[in-house]
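Inside the fold
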Amino acid sequence: MMVFINNRFLPIEEAHISPFDRGFLFADGVYESIRTYNKKLFRYPDHLDRLKRSLNETRIEFKEIESIENIIYELMIKNDIEDEALAYLQISRGSAIPRTHSFPKKKISPSTFISVQNLKENTKEQTDGVKVILQEDVRWLRCDIKSTSLLPVVLASQKATEENAAEAILVRDGMITEGTHTNFFAIKNETIYTAPKSRFILEGITRKVVLELCERFKIDCREEFIVKDDLKSFDEFFITSTTKEITPVTSIDYWTINNGEPGKITKSLQAVFKKLAEDY
Ligand code: PDD
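Things to note about helix α5 (residues 151-162)
Residues lying three or four places apart along an α-helix face the same way, a consequence of the helix completing one turn every 3.6 residues. The first and last C-alpha atoms of α5 sit 17 Å apart over 12 residues, in line with the 16 Å expected at 1.5 Å per residue. Along α5, the positions that sit buried rather than exposed are Val153, Ala156 and Ala160. Buried residues along α5 cover an arc of 70° about the axis, so they all sit on one side. Structural note: α5 exposes Leu151, Leu155 and Glu162 on the side pointing more than 90 degrees away from its buried face.

The following block contains the structure:
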């Protein structure tokens, strides 16, 4: 496997990073996950905008941002990606000795890591739907930044795995925010609800596409918090992300929704999303 690390394409075995890298010591970094359809990076300008925003909010000065797209395409060639690709890129503040919590006094350059892998399609999850569990949202109050500081998410996601669930949906002060790595949607009386853009959620690119589709197809969609105690009054649920696309939720904790069948509106949204991806 060839990766891009600190300005060089290297086999993974030769790719090293300093133990003093602030990404390693403090999770002082940001990241993006981007996929292709028809071998073309999906909604790359949106991912780039979000990355710029994350860098800006964390005050990481990364100058070579415009070169990332070409590096990803180059990695797809170098790794003989046969079908579709999933790219992961991470930029940390860089490496400095001694370890200091505040930014190093001397100027350092950010560390960059980019990898590309064959994308595993999760068709079964998308057809059959998935189980999710509810977990308390104990993350920080800047979830709008795509930070590599993910320990609360790692623990919640592990809990989901141990309970044979595909995702943990996070609840803060009785409100559903989002999943550990997905956005969450609920449907009632043909109206779709999802948490509003705020410090409490990451503005997912797939979420954005779903909102655009709702507008195009005149489906009523409201960016409002879903109250945990009201969950049972909704008819359908789904989660979205770059890799999960639109995945129906068929059970939440011990509640099986609609006899375990993916909802009607969810299925029609999946169909229009699929068409959009196919034509991309
Ligand atoms: N996760 N919310 C959170 C907290 C996320 O980490 C993600 C993405 C999303 C969905 O965003 P998008 O539609 O842009 O993928 C929402 C990526 C896939 C990851 O962690 O690798």
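Section: unusual backbone geometry
Residue Ile97 is joined to Pro98 through a cis peptide bond whose omega torsion reads 0°. The phi angle at Asn7 is positive, at roughly 75°, despite the residue not being glycine. Its place among the elements puts Asn7 in the loop between β1 (2-5) and β2 (8-11).

A word on the pairing of strand β10 (residues 183-188)
By the criterion of burial, β10 is predominantly enclosed, with five of the six residues buried. Pairing of β10 with strand β14 (residues 236-241) involves five bridges; the strand directions are antiparallel. Among the inter-strand pairings, Phe185 is bridged to a residue of β14, identified as Phe238. The pairing of β10 with strand β11 (residues 191-194) spans four bridges and is antiparallel. Each residue of the ladder has a partner; that of Ala186, found in β11, is Tyr193. Hairpin connection from β10 to β11: two residues lie between these consecutive antiparallel strands, with Asn189 at a positive phi of about 45°.

Focus: empty space enclosed by the protein
Within the structure shown, the criterion is met by two cavities of 30 Å³ or more. In this structure, the largest cavity encloses a volume near 40 Å³. Asp235, Glu236, Phe237, Val249, Ile257, Glu261, Pro262, Gly263 and Thr266 are the residues that line the largest cavity. Of the residues in the lining of the largest cavity, the class split is four nonpolar, two polar and three charged. Estimated volume of the second largest cavity: approximately 30 Å³. For the lining of the second largest cavity, the secondary-structure elements that each account for two or more residues are β3 (29-37) and α2 (44-58). For the lining of the second largest cavity, the class distribution of residues is six nonpolar, one polar and one charged.

Remarks on the sheet that holds β2
Taken in spatial order, the six strands line up as β2-β1-β6-β5-β3-β4 in an open sheet, and their pairing is antiparallel. Across the chains shown, the open sheet's two edge strands, defined by having one partner strand only, are β2 and β4 (40-41). Relative to strand β6 (residues 111-118), strand β5 (residues 85-92) runs antiparallel, the two sharing eight bridges. Bridged to Leu86 within β6 is Gln117.

Regarding the environment of Glu178
Note that Glu178 resides in strand β9 (residues 175-179). Judged by relative accessible area, Glu178 falls into the buried class, the value being 4%. Sequence separation between Glu178 and Ile239 is 61 residues; the distance between their C-alpha atoms is 8.5 Å. Polar contacts involving the side chain of Glu178 include one to the side chain of Asn183, which spans 3.3 Å. A distance of 3.2 Å separates the side chain of Glu178 from the backbone nitrogen of Leu202, its partner in a polar contact.

Remarks on the nonpolar core
Core analysis: the largest hydrophobic core is formed by 24 residues, its most contacted members being Ile68, Ile72 and Ile91. Secondary structure elements with two or more residues in this core: β3, α2, α3 (68-78), β5 and β6. Discounting chain neighbours no more than four positions away, the residues touching Ile91 are Gly29, Val30, Leu51, Leu55, Ile60, Phe62, Ile68, Pro110, Ser111 and Thr112. Ranked by size, the runner-up nonpolar core spans 18 residues in total, among them Ile169, Ile239, Val249 and Ile257.

Looking at helix α6 (residues 205-216)
Across its 12 residues, α6 extends 17 Å between first and last C-alpha, which sits within 8% of the 16 Å expected from 1.5 Å per residue. Where α6 is concerned, the buried positions are Ile205, Thr206, Arg207, Val209, Val210, Leu211, Leu213 and Cys214. After α6 finishes, the residue Lys218 shows a positive phi value of roughly 55°.

About the criteria used
- Residues numbered from 1 in each chain as written.
- Predicted model: local features only at pLDDT ≥ 70, side-chain atom pairs only at ≥ 80, totals over all residues.
- Heavy atoms only, no water.
- Helix = DSSP H or I, 4+ residues; strand = E, 2+ residues; numbered from the N terminus.
- Expected span 1.5 Å × (residues − 1).
- Buried < 20%, exposed > 50% of the residue type's maximum accessible area, 1.4 Å probe, protein only.
- Arc of directions from axis to C-beta.
- Pairing = 2+ DSSP bridges.
- 1 Å grid on protein atoms, 1.4 Å probe; cavity = no way out; pocket = protein on both sides within 12 Å on 5 of 7 lines; lining within 4 Å.
- Points joined across faces, edges and corners; volume = space filled by probe spheres on them.
- Nonpolar A, V, L, I, M, F, W, Y, C, P; charged D, E, K, R; others polar.
- Polar contact = N/O pair within 3.5 Å; in protein donor to acceptor, adjacent residues only side chain to side chain.
- Core = buried A, V, L, I, M, F, W, Y, C linked by side-chain atoms within 4.5 Å.
- Contact = heavy atoms within 4.5 Å.

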